[in-house]
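Residue-level listing of the chains:
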Amino acid sequence: MEIELLPGARELLDSHARELPQRDDLCGAFCTALALRAAGLHAHDGEPLDQDAVALAAGTVISSSSDGHALPRGERGRRDYRLSLPTIEDSAASGTPASGLPRAVEELSGGRLEAIPFSGPWNPTTLGGIFDLASGLARPVTLVANVATHHLWGAGAALGELLDYLLEGRDDGPPPDWDVGHFICVVGRINGPAGRLYCVADTYPALGRRGVHLQPEARLALAIARPDKPAGGILAVVDAADAARVRSAAAELGLREGSWDNGTPAAEALA
């Protein structure tokens, strides 16, 4: 078996452990803030580059009150926002619009990074291809995936279940933990003789081992495709010097560049 980590993954995981958990409705901002930190960016105009900063720049809208039904079991939510963010009454529409994250990355990185959105098609081949592309870069890169969580294994898969998948291809993992549209970071991969598992940095410590868990390739690809929810995709956060290479190689994989509508309106659309 072979273990691969994306460039910058160690730095991302260090920041991930310190920042957990996400604040309510900020999963996309949380993951994108980790991408900025993985690239060595920690402040902008004297302010910390945290999930609140990304949320404000990306047009995130937060629910006016906490919705415990939208949290995984064992989590109580977190509403200690550092910045004042726009609110919305409909908790089902709260969150971060996927289209706002590239703008936030460009602004907060001062143009040093680009966040390139890929809307699909998503299947094991294209997921494996964009991971191969990212892993071949020398500079830090983060894959921020917008998923439907009910297509994933439960985050607490036992070692035996993981080995059965890698060695025999058996898709017998635990049932999903919850059913929401969500953002996660894909940071690594384990290649086995009969399957591939992707290492995911999630936004809640109750999921997996303090927010880190492994997902089968086909399950993760389906979760990103989100066939039964508003669209999903992957945001590749790369050094600006690598952007042209990533765009060209992704096009050869058959991936469409462009943002997707994940069902969350931007704050400016509500004004």
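On a predicted model such as this, the values are computed, not experimentally measured, just so you know.

A few points about unusual backbone geometry
A cis amide bond links Leu 20 with the next residue in sequence, Pro 21, at an omega value of -10°. With respect to the helices and strands, the residue Pro 21 is situated in the loop between α1 (9–19) and α2 (27–38). Of the consecutive residues Gly 120 and Pro 121, the connecting peptide bond is found in the cis state with omega at 0°. Secondary-structure assignment places Pro 121 in the loop between β6 (113–120) and α5 (124–135). In this structure, Asp 25 takes a positive phi of about 75° despite not being glycine.

Regarding the packing of α1 against α2
For any two helices packed against each other, the geometry comes down to the angle between their axes and how far apart the axes lie. Put simply, α1 and α2 touch, their axes get as near as 8 Å, and they point 135° apart. Taken together, α1 and α2 sit at an angle that is classed as oblique. As α1 packs across α2, the resulting crossing turns out to be right-handed. Side by side, α1 and α2 meet where Glu 11, Leu 12, Ser 15, His 16 and Glu 19 of the first sit next to Phe 30, Leu 34, Ala 35, Arg 37 and Ala 38 of the second. In the contact of α1 with α2, the residues fall into five nonpolar, two polar and three charged.

Some thoughts on helix α4 (residues 100–108)
Note that an α-helix has 3.6 residues per turn; residues three or four places apart therefore point the same way. The set of residues buried in α4 consists of Gly 100, Leu 101, Pro 102, Ala 104, Val 105 and Leu 108. Contact partners of the buried residues in α4: α2, β2 (43–44), α3 (51–58), β6, β8 (181–191) and β11 (233–239). A positive backbone phi angle near 65° is found at Gly 110, which sits one or two residues after α4.

Quick notes on the pairing of strand β9 (residues 196–201)
Judged by how many residues are buried, β9 sits mostly within the fold: five of six residues are covered. Across six bridges, β8 lies against β9 in antiparallel orientation. Bridge pairing links Cys 185 to Ala 201 in β9. Hairpin connection between β8 and β9: a loop of four residues separates the two successive antiparallel strands. By the bridge criterion, five bridges tie β9 to strand β10 (residues 212–216) in an arrangement that is antiparallel.

Some words on the pattern of salt bridges
Applying the stated criterion to the full structure yields 19 salt bridges. Close ionic contact of Asp 132 with Arg 189 constitutes a salt bridge, the shortest N to O distance being 2.6 Å. Remark: Arg 189 occurs in strand β8 and Asp 132 occurs in helix α5; sequence separation between them is 57 residues. Look at Arg 189 and you get buried, because its relative accessible area is 2%. Residue Glu 168 pairs with Arg 170 through a salt bridge whose shortest N-O separation is 3.7 Å. Look at Glu 168 and you get exposed, because its relative accessible area is 52%. One network of salt bridges, in which partners are shared, links Arg 23, Asp 52, Arg 78 and Asp 80.

Some words on the packing of aromatic side chains
By the definition in use, this model includes three aromatic pairs. Aromatic side chains Phe 131 and Tyr 198 sit 5.5 Å apart centroid to centroid with 80° between the ring planes, which places their arrangement in the edge-to-face category. In this pair, Phe 131 is assigned in helix α5 and Tyr 198 in strand β9, connecting sequence segments 67 residues apart. Each member of the pair, Phe 131 as well as Tyr 198, is classed as buried.

Things to note about empty space enclosed by the protein
Taken as a whole, this structure holds three cavities of 30 Å³ or more when the rule is applied. Considered as a void within the structure, the largest cavity measures approximately 80 Å³ in volume. Looking at the largest cavity, it is lined by 13 residues, and the ones nearest its centre are Leu 152, Asp 177, Trp 178, Asp 202 and His 213. Where the lining of the largest cavity is concerned, the elements lending two or more residues are β8 and β10. Split into classes, the residues belonging to the lining of the largest cavity amount to seven nonpolar, four polar and two charged.

Quick notes on the rules
Residues numbered from 1 in each chain as written. Predicted model: local features only at pLDDT ≥ 70, side-chain atom pairs only at ≥ 80, totals over all residues. Heavy atoms only, no water. Helix = DSSP H or I, 4+ residues; strand = E, 2+ residues; numbered from the N terminus. Axes fitted to C-alpha atoms, helices over the stretch in contact; angles between N-to-C directions. Parallel < 35°, antiparallel > 145°, perpendicular 65-115°, else oblique. Left-handed = near helix turned anticlockwise from the far one by under 90°. Contact = heavy atoms within 4.5 Å. Nonpolar A, V, L, I, M, F, W, Y, C, P; charged D, E, K, R; others polar. Buried < 20%, exposed > 50% of the residue type's maximum accessible area, 1.4 Å probe, protein only. Pairing = 2+ DSSP bridges. Salt bridge = Lys/Arg side-chain N within 4 Å of Asp/Glu carboxyl O. Phe/Tyr/Trp six-rings, centres within 6.5 Å; stacked < 30°, edge-to-face > 60°. 1 Å grid on protein atoms, 1.4 Å probe; cavity = no way out; pocket = protein on both sides within 12 Å on 5 of 7 lines; lining within 4 Å. Points joined across faces, edges and corners; volume = space filled by probe spheres on them.

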